[in-house]
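Here is what each chain is made of, one letter per residue.
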Amino acid sequence: MSKHRIFSFILLTLPVLTLAGDIGHGAIPHLDGENLAIFWVVPFVGILLSIAVFPLIAPHFWHHNFGKVSLFWAMFLIIPFMLSQGLEITLYELLHVGLLEYVPFIILLLALFTISGGVRLKGSLVGTPVLNTILIFVGTVLASWMGTTGAAMLLIRPLIRANAHRKNKVHVIIFFIFLVANIGGSLTPLGDPPLFLGFLKGVDFFWTTSAMLIPMLFMVACLLIIFFSIDTYFHGKESTPEPENQGSEKLGLDGSFNLLLLAGVIGGVLISGFWKPGIHFEIYHVHLELQNLIRDGLLLALAYASWAITSKEIRTANEYTWFPIIEVGKLFAGIFVTIIPAIAILKAGTHGALASVVSSVSTETGEPINYMYFWLTGILSSFLDNAPTYLVFFNTAGGDPVLLMGEMSNTLLAISAGAVFMGANTYIGNAPNFMVKSISESSGIEMPSFFGYFFKWSIPILMPLFILVTYLFF
């Protein structure tokens, strides 16, 4: 990611923002999800199928053209959407999703990716079942406090290095995605984006910790037992000898100052949630809150500090490249754009094209069906972005944080658990999933395809546990 590319992007963006500011007067454009037919979801389905199919049938083409494919589906939506809904609504929706969701999302990922990539856990780590289980457990614990992205980026490379001699190691990465990149982020709003949105909506910081603790412990215990059993089985079949220098180098951390920068990231995110100065800037009716702008600026500064201060030797030893963040950035740009009609239709509730989905979470008398909240939030979070999906069902349940933390606490728990737990179902369920996959593949590990991951691993391992969670808690 060279400097000239970054500056070129900024220069290309400024005229668009200036134009938006100039014409941004008058009534706020409104996208009415009630008037959107179901076919507007086709571009979103198209990009999901592209992510699922192209790496399987045309891996070379996909590796060199995934950005163009993402752009194709984005334009496949934008052009007819502009003709149908008009320039004002289209521009507003693109700026809204871009400035308030995509840009902060990418900045946070960039900061966590850059900073965690500057920390190297050194030492003679050998991927035995015991060590692998310990590393995944440590990452699971860290994920709630430094975010699933931060924990995943910190530990995925040491885990890959420890298992470099292993022939059978795909399952190690899969369970790492299950636990560190998803379920481990259950206990605080820092852990996973949907929980942070709940925090911004008024859910107490530690309500999440107390409410999600038991369901999370159940999932973590079950998955670690399953993982240890599978890894022990594969380890026993290994014909590749373990490295002879086992134990020759003491454990230690290179680039440990990055942990302070990581603490700065956590502090910046927390401040943006607690500090409400009431100052905002407007670009074509899109309100940019001062605290969020300061947060994003701080995160970029911390990322730059890490990049400038960390020695190249550490990043080389970590096999650090920009490719994973570039891949996530390009693909999620298309996902965030094409998801606009899908979220609008869901927000229309029982008056939209997906009325049957929304109405299925309540009885005829209006009582919540908590297990349906869990499954629908979870299934949609597996294929849509789990943050807006959480908000849709949060609002469907009434949107009152006091009521949802009180007599409807089980409903809020169902929504929270569905969004966080089932993000592990697919590579696109949560951003760290894709980043872990990309890093693993760049290290020579042949990860399963989109369908291979879902049908071979998620369905047989996660789904039975989710059924148990349903009976135990909802």
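Preceding this section is the structure that the text describes.
Conventions adopted
Residues numbered from 1 in each chain as written. Predicted model: local features only at pLDDT ≥ 70, side-chain atom pairs only at ≥ 80, totals over all residues. Heavy atoms only, no water. Helix = DSSP H or I, 4+ residues; strand = E, 2+ residues; numbered from the N terminus. Expected span 1.5 Å × (residues − 1). Buried < 20%, exposed > 50% of the residue type's maximum accessible area, 1.4 Å probe, protein only. Patch = residues over 30% accessible without salt bridge, like charges linked within 9 Å, V, L, I, M, F, W, Y side chains within 5 Å. Areas by Shrake-Rupley, 256 points an atom, 1.4 Å probe, with all protein chains shown as cover. Salt bridge = Lys/Arg side-chain N within 4 Å of Asp/Glu carboxyl O. Axes fitted to C-alpha atoms, helices over the stretch in contact; angles between N-to-C directions. Parallel < 35°, antiparallel > 145°, perpendicular 65-115°, else oblique. Left-handed = near helix turned anticlockwise from the far one by under 90°. Contact = heavy atoms within 4.5 Å. Nonpolar A, V, L, I, M, F, W, Y, C, P; charged D, E, K, R; others polar. Bend = angle between axes of the 7 residues up to and from the residue. Phe/Tyr/Trp six-rings, centres within 6.5 Å; stacked < 30°, edge-to-face > 60°. Lys NZ or Arg CZ within 6 Å of the ring centre and 35° of its normal.

Between its first and last C-alpha, helix 17 (residues 409–421) extends 17 Å over 13 residues, near the 18 Å set by a 1.5 Å rise per residue. Most of helix 17 is tucked away, with 11 of its 13 residues classed as buried. Every buried residue of helix 17 is listed here: T411, L412, L413, A414, I415, S416, A417, G418, A419, V420 and F421.

Among the surface-exposed residues, V45, L49, L56, I57, F451, F455 and I459 lie close enough to one another that they form a single nonpolar patch of about 640 Å² accessible area. Elements supplying a minimum of two residues to the nonpolar patch: helix 2 (42–57) and helix 19 (450–473). By residue number, the principal contributor to the nonpolar patch is helix 2, which donates 4 residues. Within the element layout of this structure, F451 appears in helix 19.

With that settled, consider the packing of helix 4 (residues 87–116) against helix 12 (residues 323–347). Interaxial distance between helix 4 and helix 12 falls to 10 Å at its minimum, and their mutual angle equals 155°. Taken together, the axes of helix 4 and helix 12 are roughly antiparallel relative to one another. Here helix 4 runs over helix 12; the crossing is right-handed. Every residue of helix 12 that contacts helix 4 at E93, L94, V97, E101, Y102, F105, I106, L109, L110 and F113 is listed here: P324, I325, V328, G329, K330, F332, A333, F336, V337 and I340. Counted by class, the contact of helix 4 with helix 12 contains 16 nonpolar, 1 polar and 3 charged residues.

Turning our attention to the environment of V119. Mapped onto the fold, V119 is located in the loop between helix 4 and strand 1 (120–122). For V119 and R157, which are 38 residues apart along the polypeptide, the C-alpha to C-alpha distance reads 10.0 Å. In contact with V119, not counting residues within four places along its chain, are L154, L253, D254, G255, N258, L259 and N318.

A few words on helix 12. Between its first and last C-alpha atoms helix 12 spans 35 Å; for 25 residues at 1.5 Å apiece the expected length is 36 Å, and the two agree. Taking the largest bend as the criterion, helix 12 deviates by roughly 40°, centred on I339, and proline P341 comes between one and four positions later. Summarising burial for helix 12: 20 of the 25 residues are buried, a large majority. Remark: G349 follows helix 12 within two positions and exhibits a positive phi of approximately 65°.

Let us look at the packing of aromatic side chains. Both the distance between ring centres and the angle between the ring planes are used here to describe each pair of aromatic rings. Per the counting criterion, the structure on display carries 34 aromatic pairs. Residues F54 and W62 carry aromatic rings whose centres are separated by 6.0 Å and whose planes lie at 10° to one another, so their mutual orientation is stacked. Residues W307 and Y320 carry aromatic rings whose centres are separated by 6.1 Å and whose planes lie at 40° to one another, so their mutual orientation is tilted. Here W307, found in helix 10 (residues 290–309), pairs with Y320, found in the loop between helix 11 (312–317) and helix 12; they are 13 residues apart in sequence, far enough to count as distant. Positioned over the ring face of Y427 is K437, at 5.3 Å from the centre of the ring.

Here we come to the environment of E88. Counting through the fold element by element, E88 comes out in helix 4. With 52 residues separating them in the primary sequence, E88 and T140 have C-alpha atoms 44 Å apart.

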